[in-house]
Amino acid sequence: MNLRKRLSGIWLMAMALLSLCSFTCFFVAQMWLNILYMFYLTIALVQVVTLVIYLWGPEKLAFKPLKYLYRIFYASSILVIPSFAFIFMGLISQYHINIRESIDASSMPIEDIVPSDETVIYNTGKVYIFFPEYSNVELVCKKRPSKSDDSITWCSGAAFQHTVSLDFSQENVEGDHAINGAYYTSPYNKDAFAAFTFADGEFSFEFDDPEGAIKKAADAGGNGFMQFGLIKDHEVVMNFDRPRARCYRTLAELNGNLCIIDSVNMMHFTQFMEELQRLGVTNALYMDMGAGWNYSWYRNAADKVVTLFGLPVPWSHNWVVFKK
């Protein structure tokens with residue numbers, strides 16, 4: 001066997017293993033996006049088939065179209081490395097950073113977990129509780145909020161998006177929503193949705209009439225969006241579990257104040273909900289934390305931006321921002 005053929009064999013074996021590893025990373029990251037799922041599954045199968053043909057002997061392929069197909073499959077191996085790099089970054093981005101400036105609240109009375117004049121973060125050991133400094137809360141769509149905008153103290157993904165698309169449309173944002181007085185309706189099922197709104201300097205959670213709440217906020221020149229409702233008046237209104245542990249986030253009301261609550265480490269959803277109930281959260285909406293969708297950052301009291309999840313996927317198109 002000549003050197004070129006040996007190197008080809010090593011390359012194909014390496015790409016087959018790496019493509020299988022990429023698909024496994026996709027599964028672990030729980031990025032259940034149909035297009036990407038099919039891509040990673042297809043590329044893994046193609047690399048395995050290419051390796052099998054190589055070991056069997058591509059010169060034995062008598063049918064010309066099959067020879068051409070083998071060459072195409074072989075050439076596709078060049079996609080394995082960038083696809084692995086992307087999904088590996090997606091997997092790593094699921095782990096929450098350690099926030100050293102957070103206040104230890106593991107033994108603190110719950111009633112003392114309240115906002116300050118500046119952005120403050122508490123750590124109960126299980127969750128981080130963020131109280132960003134703000135005078136307004138807005139929904140931003142299409143253009144990603146800039147970290148150079150020093151009026152923003154918090155930025156994270158807000159509503160679900162119906163499809164994975166590089167192009168933006170208001171219709172792709174699931175649930176009715178309002179942006180600085182402009183009202184947008186959604187054609188998708190909203191049965192499990194509740195609404196968060198901010199208008200006239202006040203925040204509100206609405207579970208019984210989310211559509212009406214969004215319209216009311218829009219009429220007042222405010223903002224709002226829909227998400228899964230989790231807790232209403234201290235009672236759990238939606239209880240679903242995920243098959244694997246991950247980081248979770250909720251936009252919530254605690255001790256009468258608006259906050260964002262993140263799990264410190266990966267945990268099961270039931271554990272996250274138990275901690276919210278222990279804290280006595282009044283109202284809460286689910287916030288999507290899939291890899292890329294969990295992109296988020298805040299501006300601390302020293303006016304420095306701290307990135308929590310830093311994978312800015314190009315198909316994420318709506319965010320909730322807190323502004324001074």
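Residues numbered from 1 in each chain as written. Predicted model: local features only at pLDDT ≥ 70, side-chain atom pairs only at ≥ 80, totals over all residues. Heavy atoms only, no water.

Looking at an unreviewed UniProt entry, the protein carries the name Phosphodiester glycosidase domain-containing protein, with the source organism given as Butyrivibrio fibrisolvens.

Caption draft 1: Looking closely at the pattern of salt bridges. The tally for this structure, following the rule as stated, stands at 7 salt bridges. Put simply, Lys 323 and Glu 138 hold a salt bridge, and the shortest N to O gap is 3.4 Å. Separated by 185 residues along the polypeptide, Lys 323 in strand 17 (residues 318-323) and Glu 138 in strand 4 (residues 136-141) bring together distant segments of the chain. For Glu 138, a relative accessible area of 14% translates into the label buried. Salt-bridge contacts for Lys 324 lead to Asp 303; the nearest nitrogen and oxygen are separated by 3.8 Å. Placement of Lys 324 in the segment after strand 17 and of Asp 303 in the loop between strand 15 (296-299) and strand 16 (305-309) is noted, with a sequence separation of 21 residues between them. (Salt bridge = Lys/Arg side-chain N within 4 Å of Asp/Glu carboxyl O. Helix = DSSP H or I, 4+ residues; strand = E, 2+ residues; numbered from the N terminus. Buried < 20%, exposed > 50% of the residue type's maximum accessible area, 1.4 Å probe, protein only.)

Caption draft 2: Representation of the side chain of His 96. Position of His 96 among the secondary structure elements: in the loop between helix 4 (80-92) and strand 1 (103-104). Classification of His 96 by relative accessible area gives buried; the value is 12%. Each residue touching His 96, except ones within four places of it in the same chain, is listed here: Tyr 128, Cys 247, Asp 262, Ser 263, Val 264, Leu 308 and Phe 309. (Contact = heavy atoms within 4.5 Å.)

Caption draft 3: Main features of the domain arrangement of the protein. With domains assigned, the protein is organised as domain 1 (3-93) and domain 2 (103-323). With centres defined by C-alpha atoms, the gap from domain 1 to domain 2 works out at 38 Å. (Domains from an automatic or database assignment.)

Caption draft 4: Representation of the nonpolar core within the structure. Within the largest apolar cluster, 33 residues are counted, with the highest numbers of intra-cluster contacts made by Phe 130, Phe 196, Phe 225 and Leu 251. Mapped by element, the contributors of at least two residues to this core are strand 3 (127-131), strand 4, strand 8 (193-199), strand 9 (202-206), strand 13 (257-263), strand 14 (283-287), strand 16 and strand 17. Contact partners of Phe 196, with chain neighbours within four places excluded, come to Val 137, Phe 203, Ser 204, Phe 205, Ile 214, Asn 223, Gly 224, Phe 225, Leu 251, Leu 258 and Leu 285. By size, the runner-up hydrophobic cluster in this structure holds 31 residues, among which are Ile 113, Val 120, Val 127 and Met 273. (Core = buried A, V, L, I, M, F, W, Y, C linked by side-chain atoms within 4.5 Å.)

Caption draft 5: Expanded view of the UniProt feature "transmembrane region" (unreviewed entry) in the protein. The sites that carry the UniProt feature "transmembrane region" (unreviewed entry) are, in the present numbering, residues 7-29, 35-56 and 68-92. Note that residues 35-56 is 100% helix and 0% strand, and that its end C-alpha atoms are spaced 31 Å apart. (UniProt positions renumbered as here; feature names shortened; annotations may be inferred.)

Caption draft 6: Spotlight on the sheet that holds strand 17. Taken together, the 5 strands give an open sheet; going across it, the order is 4-17-5-15-16, and neighbouring strands pair in antiparallel fashion. The strands lining the two open edges of the sheet, one partner per strand, are strand 4 and strand 16. Direction aside, neighbouring strands of the sheet carry axes that sit 20° apart on average. With 5 bridges connecting them, strand 5 (residues 152-157) and strand 17 associate as antiparallel partners. Each bridged residue has a counterpart across the sheet, and for Ile 152 the counterpart in strand 17 is Lys 323. (Pairing = 2+ DSSP bridges. Axes fitted to C-alpha atoms, helices over the stretch in contact; angles between N-to-C directions.)

Caption draft 7: Representation of the pairing of strand 15 in the model. The side-chain alternation of strand 15 yields two buried faces, one formed by Ser 296 and Tyr 298 and the other by Trp 297 and Arg 299. The sheet contact formed by strand 5 and strand 15 spans 3 bridges and is antiparallel. Counterpart to Ser 156 in the pairing with strand 15 is Ser 296. Both strand 15 and strand 16 contribute to a ladder of 4 bridges, which runs antiparallel. Within strand 16, the residue paired with Tyr 298 across the bridge is Val 306.

Caption draft 8: Inspection of the pairing of strand 17 at higher detail. Burial analysis of strand 17 places 5 of its 6 residues in the buried class, the great majority of the element. Bridge count between strand 4 and strand 17: 6 bridges; the pairing is antiparallel. Following the sheet pairing, Cys 141 is matched in strand 17 by Asn 318.

Caption draft 9: Looking closely at unusual backbone geometry. Backbone geometry places Asp 233, a non-glycine residue, at a positive phi of 50°. The partly exposed category is assigned to Asp 233, whose relative accessible area is 49%. Phi at Asn 255 is positive, roughly 55°, even though this residue is not glycine. Along the chain, the position of Asn 255 falls in the loop between strand 12 (249-254) and strand 13.

Caption draft 10: Spotlight on the environment of Ala 194. Among the secondary structure elements, Ala 194 is positioned in strand 8. Measuring from C-alpha to C-alpha, the distance between Ala 194 and Gly 57 comes to 59 Å, with 137 residues separating the pair along the chain. With residues up to four places along the chain from it excluded, the contact list for Ala 194 reads Glu 206, Phe 207, Pro 210, Phe 225, Met 226, Gln 227, Gly 229 and Leu 285.

Caption draft 11: Local environment of the packing of aromatic side chains. Under the criterion given, the structure shown has 20 aromatic pairs. Ring geometry for Phe 196 versus Phe 225: centroids 6.0 Å apart, planes at 55°, classification tilted. Placement of the pair is Phe 196 in strand 8 and Phe 225 in strand 10 (residues 223-232), with a sequence separation of 29 residues. Here Phe 196 and Phe 225 have matching classes, each one buried. The residue whose ring lies beneath Arg 144 is Tyr 295, and the NZ or CZ to ring-centre distance is 4.8 Å. (Phe/Tyr/Trp six-rings, centres within 6.5 Å; stacked < 30°, edge-to-face > 60°. Lys NZ or Arg CZ within 6 Å of the ring centre and 35° of its normal.)

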